[in-house]
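Remarks on the overall topology
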Amino acid sequence: KNRESSDPAADSSPKLAPAEHQDEAASKKNLCVKAAKEHNIPKDLNKLMENKVMDTVLDLSYVKLSVVEMTCLGDADSEGIVSKSVSSHSDLIPGVYEGGLKIWECTFDLMDYFAEAEIDFTNKTVLDLGCGAGLLGIVALRGEAARVHFQDYNSTVIDEITVPNVVANCTREGRRVGSGKDRKASKPPSKRPKKAEGSPDVLSRCRFFSGEWSQVSQLLLNSNKPCSKYDVILTSETIYNPDYYSALHDTLAQLLDRNGRVYLASKVHYFGVGGGVYLFEKFIEEKNVFTTSIVKKIDQGLQRCIMEIAFKNSG
């Protein structure tokens, strides 16, 4: 698979912010938990896309990050995460920025697994948790999911990356992503700004949320538009920090349908951050709510896994 030229996930492990940024982040985190909010899809899709330059990988379009870094200033980045990430040369500033600007390699592992295992999204309700670019949710949309919700910690990521990516890929509604063997390296992307020709009916199946997991759970369960539980929850590279395991576990327990499935992609170990597959598996085992199984192992580069999670005694 020729991803090297177009794959933005060049770095295998997240680079933590320098200590002074982490100290600042820690003090902010102690003061408040990042509130959840729902993001509306702008009515004028062309305006949304006018400054966006798109790249492609595996037949999916995504906003070019280097252009976002140059243009996402002032009001477009009210959280200041773009400038903080660039200035500190970091992919993670705990409690401030949680890596959603980049597409991490386990995302592609999970997309490959969908094709290999013939995961069927037809008429399913799906949550792309810690969505970043939203590629997993977009694959579910193309697989004719009934509803797909996207969540990221940072509101800037949702507004500047996730929503534009969904709009850019909506034009090819219903086309399934091919199997790994059938995929060819993408053609060189057009550098022209993308025009939105999105199909509004696809967007009507989507909702977008930002904020910390426990807050998003409460918003989803208690809003005036409460949602039913999810048939499928997709999540990639979200278990790098053991401090977040409790919130993630509770979110899955609250939002997954009794007979639903979670598909989680992760590195076996995150050097410098401390988390990883076996640590999270042990955490789940001790909670005694879910069963887990490793359904795929990838040995190229850093070891990576796909884990399937389901409620004990589920159908």
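Note: the structure precedes this text.
Described in the following lines is the structure provided in the data block. (Residues numbered from 1 in each chain as written. Predicted model: local features only at pLDDT ≥ 70, side-chain atom pairs only at ≥ 80, totals over all residues. Heavy atoms only, no water.)

Observations regarding the overall build of the chain
Per the secondary structure count, the chain includes 11 helices and 10 strands. For the chain, the residues scored as buried account for 54% of the 315 residues in total. The contacts in the chain between residues at least 6 apart in sequence include a share of 75% that link residues at least 24 apart. Accessible surface, the chain as shown: approximately 14100 Å² in total, 50% of it carbon and sulfur. (Helix = DSSP H or I, 4+ residues; strand = E, 2+ residues; numbered from the N terminus. Buried < 20%, exposed > 50% of the residue type's maximum accessible area, 1.4 Å probe, protein only. Contact = heavy atoms within 4.5 Å. Areas by Shrake-Rupley, 256 points an atom, 1.4 Å probe, with all protein chains shown as cover.)

Here we look at the environment of Val166
When you line up the elements, Val166 lands in helix H7 (residues 155-169). For the pair Val166 and Cys206, spaced 40 residues apart in the sequence, the C-alpha separation amounts to 8.9 Å.

With respect to the nonpolar core
Counting 53 residues, the largest nonpolar core has Phe121 and Val166 as the members making the most contacts within it. Per element, the largest residue contribution to this core is seven residues, and it comes from H7. Apart from residues lying up to four places away in sequence, Val166 is in contact with Ile138, Leu141, Phe150, Leu203, Cys206 and Phe208. The next biggest cluster of nonpolar side chains, apart from the first, holds 30 residues, and it includes Leu255, Val268, Val273 and Ile284. (Core = buried A, V, L, I, M, F, W, Y, C linked by side-chain atoms within 4.5 Å.)

Brief notes about the pattern of salt bridges
Counted according to the given criterion, the structure contains 11 salt bridges. Taking the shortest distance from any N to any O, the salt bridge between Lys267 and Glu237 comes out at 2.7 Å. One end of the pair, Lys267, is in strand E8 (residues 256-267); the other, Glu237, is in the loop between strand E7 (230-236) and helix H10 (245-255), with 30 residues separating them in the sequence. (Salt bridge = Lys/Arg side-chain N within 4 Å of Asp/Glu carboxyl O.)

Structural notes on the pairing of strand E5 (residues 147-152)
When you tally the buried positions in E5, you get five out of six residues, the bulk of the element. Across five bridges, the pairing between strand E4 (residues 125-129) and E5 is parallel. Considered in E5, the bridge of Val126 is made with Val148. (Pairing = 2+ DSSP bridges.)

Structural notes on the environment of Lys287
Following the sequence through the fold, Lys287 ends up in helix H11 (residues 277-287). For Lys287, a relative accessible area of 38% gives the class partly exposed. As for Lys287 and Asp250, which are separated by 37 residues in sequence, their C-alpha atoms are 10.0 Å apart. The residues touching Lys287, leaving out its near neighbours within four places in the chain, are Ser246 and His249.

With respect to the environment of Pro42
Inspection of the secondary structure assignment puts Pro42 in the loop between strand E1 (37-39) and helix H2 (45-49). C-alpha separation for the pair Pro42 and Val163, spaced 121 residues apart in sequence, amounts to 9.1 Å.

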